[in-house]
Amino acid sequence: MKDPRALRTALASALDALPASERFPDSGDADVARRLAERLRRDLLPRLGAGDAPLLLVAIAGPNNVGKSTLFNSLAKASLSPARPEGGLTKQCLAASNPETWAGALKDVLTQRYDIIPVADGAVAPVDEPGPPGRLYLVLSEAVPRGLLVMDTPDFDSVYRDNRERAEALLVTVDVLVFVVSRQTYQNAALVDFLRAAVGHGKPYLLVYNEATREDVARGHLDKLAQDVGHPPIARYLAPHQPDVEAGLKPLATEALDGRPPLAALLGQAEHVRELKARALEASLSDARSELDAVARAATRAAREPERLRQRLRHDLQGIGAQAALKAVPADVLVDAFRDELDARSTFHRFVRLPFRGLATALTFVSRKVRESFTGPQPHEALPTQAVDDSLKDGLRRLVDAFAPEVAAWRGDAETREKLAQSFGPAMLGRLDAPLELGALHAHAADRATLYDFCRQLVGSELQGGMREELLQALTTLVYSVPSGAAAVVTVATGGLGHDAVVWAGTLLSTPLLERFVDLLGAQVRATVTRKWADAHGATLAQAMETRFFAELLSHLDSQADGWLRTASTLETARRAAE
């Protein structure tokens, strides 16, 4: 075994990382997680602490009405646990040990593992009443050998599920299991599964065959049970059918098979304690490795649903944003980028075009000011914000409909179900009746700048030099110079009255002509720019919708998915440390 201190640290981290068992979507995973938590908290961490004390912990277990309490009373040499023919009376764990156990280091060992309630002399422990897992009523008796604590556990197959949980909480902590069967129960499938889970990784166990009528039949039944479990017991015992025992007149007597020592002697011999405890520790570590692996895989599976939901929601929001962005593609950005890239690639044409462009800009500014002096300020051209908002709202309504089955099918925790219902229910549809109020997002200055940079790179990659590029340069110079020159002449001749008409006419010609020039670069260029805008501005709109409507849900799903994955990683680290 590796360094016990490092191993204990890794197992303590695993215990801290374990979610509550009820958070696991699958009930089988929840059972394994609960058993692992009990094993770590009550068994391995105390064992690996300051050093395990020389105290052998023995549990008597078995199905309903098979004689467990009768055997416990026989080993304790007193009638401590209720034992009547109807069975099923023990609902909490009862233990008996020597008074020396309840002092010093041995007491510390017990209190680390169990919620101990000492039973006063002459008092009756209320074990026939339900109680929490891990509670142990302790009777101190000089009749019990020193260094031994024996406990009576509830029936694992009782109609009360809580009984099984209480039994399991104690069985993961013991060094030796004494399992009691009879001719009616030895091949019960639930019994075999329970015993295999309790001792299947090598924990020492004993088999007691109660109410035996023939030794050869009992041996055959015990052989079959050991074969089903996967490894043999350290000893086997018979308890013949004894009417006086059933009537409560005599203690249960057992007979050893295979030349083994009597049951009380085997459990009470101090020289066996160290070996049995070492085997119990190795078996518990083996169980822990298996359970850590199972729960780590369960945590990984549990992360898939919130991971899938958050990925689907963000993907669908991206699609809604991209569709809305297409309602307002800024066509002028590509033309501007085309013009500026041409300027950057030819100093001659840039200097030729520069005066004409400057002249047109100045004359346009002067003309606008003259016009405004007569007509007043002109309103800015409205952006197509309403079309974008309507597209977003329609997309979100479809999203609510699409996620309705997800809400109904959710099998995980109640908190996530509630958040899903809030995000994809009537309340969400009601919020969509109000304006979206996206504000500055419609101006999309940052997205326009990003698109401009992309268009410059795209145009630059498509311009390959040569005659085609030189022809585009010359045509562009012509397109810019003719309207500006004509506007200057008309402005001088008419005192500025005809300037607007000429610039307007020139714009009508120059804009489509430049767009035609762009198309000469290839039919895919404009489609590529449109896709780029849909992706970039669509992502901006999607992020706005996420923040506005789904921030709480997505934050919760992020926390769920990331938390489950961290749990799986921590448990896997602990599993490797326990190898």
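Thresholds applied
The numbers attached to residues start from 1 for each chain and follow its sequence in the written order. Whole-chain, interface and lining totals are the exception, using all residues; otherwise, since this is a predicted model, local features are given only for residues with pLDDT of at least 70 and side-chain atom pairs are given and counted only at 80 or more. The basis for the side-chain values is all heavy atoms of the structure; hydrogens and waters are excluded. Only DSSP runs of H or I with at least four residues qualify as helices, and only runs of E with at least two residues qualify as strands; both kinds are numbered from the N terminus onward. Each residue gets one of three labels from its accessible area relative to the maximum for its type: buried under 20%, exposed over 50%, partly exposed in between, using a 1.4 Å probe on protein chains only. Two N or O atoms form a polar contact when they lie within 3.5 Å of each other; inside protein one atom must be a possible hydrogen donor and the other a possible acceptor, and for residues adjacent in sequence the pair counts only when both atoms belong to side chains. Salt bridges are identified by distance alone: a Lys or Arg side-chain nitrogen within 4 Å of an Asp or Glu carboxyl oxygen. A pair of strands is treated as paired once DSSP finds two or more bridges between them. Whether two residues are in contact is decided by their heavy atoms: any pair within 4.5 Å suffices. Lines are fitted to the C-alpha atoms to define the axes, a helix being fitted only along its stretch in contact, and any angle between axes, read from their N-to-C directions, falls within 0 to 180 degrees.

## With respect to the side chain of Arg 236
Then, in step 1: Its place among the elements puts Arg 236 in strand 8 (residues 235–240).
Then, in step 2: The class of Arg 236 is buried, set by a relative accessible area of 11%.
Then, in step 3: Polar contacts involving the side chain of Arg 236 include one to the side chain of Asp 258, which spans 3.1 Å.

## Focus on the pattern of salt bridges
Then, in step 1: On inspection of all chains with the given rule, the structure shows 36 salt bridges.
Then, in step 2: A salt bridge links Arg 575 to Glu 572; the nearest nitrogen and oxygen atoms lie 2.6 Å apart. In this pair, Arg 575 and Glu 572 are both assigned in helix 19 (residues 524–577), 3 residues apart and thus about one turn of the helix distant.
Then, in step 3: Given the relative accessible area of 18%, Arg 575 is considered buried.
Then, in step 4: Linked by salt bridges that have partners in common, Glu 307, Arg 310, Arg 314, Glu 546, Asp 558 and Asp 562 make up one network.

## Quick look at the sheet that holds strand 2 (residues 93–97)
Then, in step 1: Read across the open sheet, the 9 strands follow the order 3-4-2-5-1-6-7-8-9; overall the sheet is mixed. The open sheet terminates on both sides in strands that have one partner only, identified here as strand 3 (115–119) and strand 9 (255–256).
Then, in step 2: Two elements, strand 2 and strand 5 (residues 148–152), share 4 bridges in a ladder whose sense is antiparallel. Residue pairing across strands places Leu 94 opposite Asp 152, the latter belonging to strand 5.
Then, in step 3: Helix 6 (residues 189–199) rests against strand 6 (176–181) and strand 7 (205–212) of the sheet, and its axis sits at about 170° to strand 6.
Then, in step 4: Relative to strand 7, helix 7 (residues 215–229) is tilted by about 145°, and along the sheet it contacts strand 6, strand 7 and strand 8.

## Here's the deal with the pairing of strand 6
Then, in step 1: Burial analysis of strand 6 places 6 of its 6 residues in the buried class, which makes it a mostly covered element.
Then, in step 2: Burial along strand 6 is two-sided: Val 176, Val 178 and Val 180 facing one way and Leu 177, Phe 179 and Val 181 facing the other are all buried.
Then, in step 3: As paired strands, strand 1 (residues 56–61) and strand 6 are joined by 4 bridges and run parallel to one another. If you follow Ala 59 over to strand 6, its bridge partner there is Leu 177.
Then, in step 4: Sheet topology note: the strand 6/strand 7 ladder contains 5 bridges and is parallel. Paired with Phe 179 across the strands is Leu 207, a residue of strand 7.

## Details of unusual backbone geometry
Then, in step 1: Located in the positive-phi region is Asn 65, a residue other than glycine, with phi close to 55°.
Then, in step 2: Following the sequence through the fold, Asn 65 ends up in the loop between strand 1 and helix 3 (68–76).
Then, in step 3: Residue Asn 65 is classed as partly exposed on the basis of its relative accessible area of 44%.
Then, in step 4: Unlike most non-glycine residues, Lys 77 shows phi in positive territory, near 55°.
Then, in step 5: The topology assignment puts Lys 77 in the loop between helix 3 and strand 2.
Then, in step 6: Accessibility expressed as a relative area gives 56% for Lys 77, which makes it exposed.

So, to be careful, I would describe these as geometric facts and stop short of saying anything about function.
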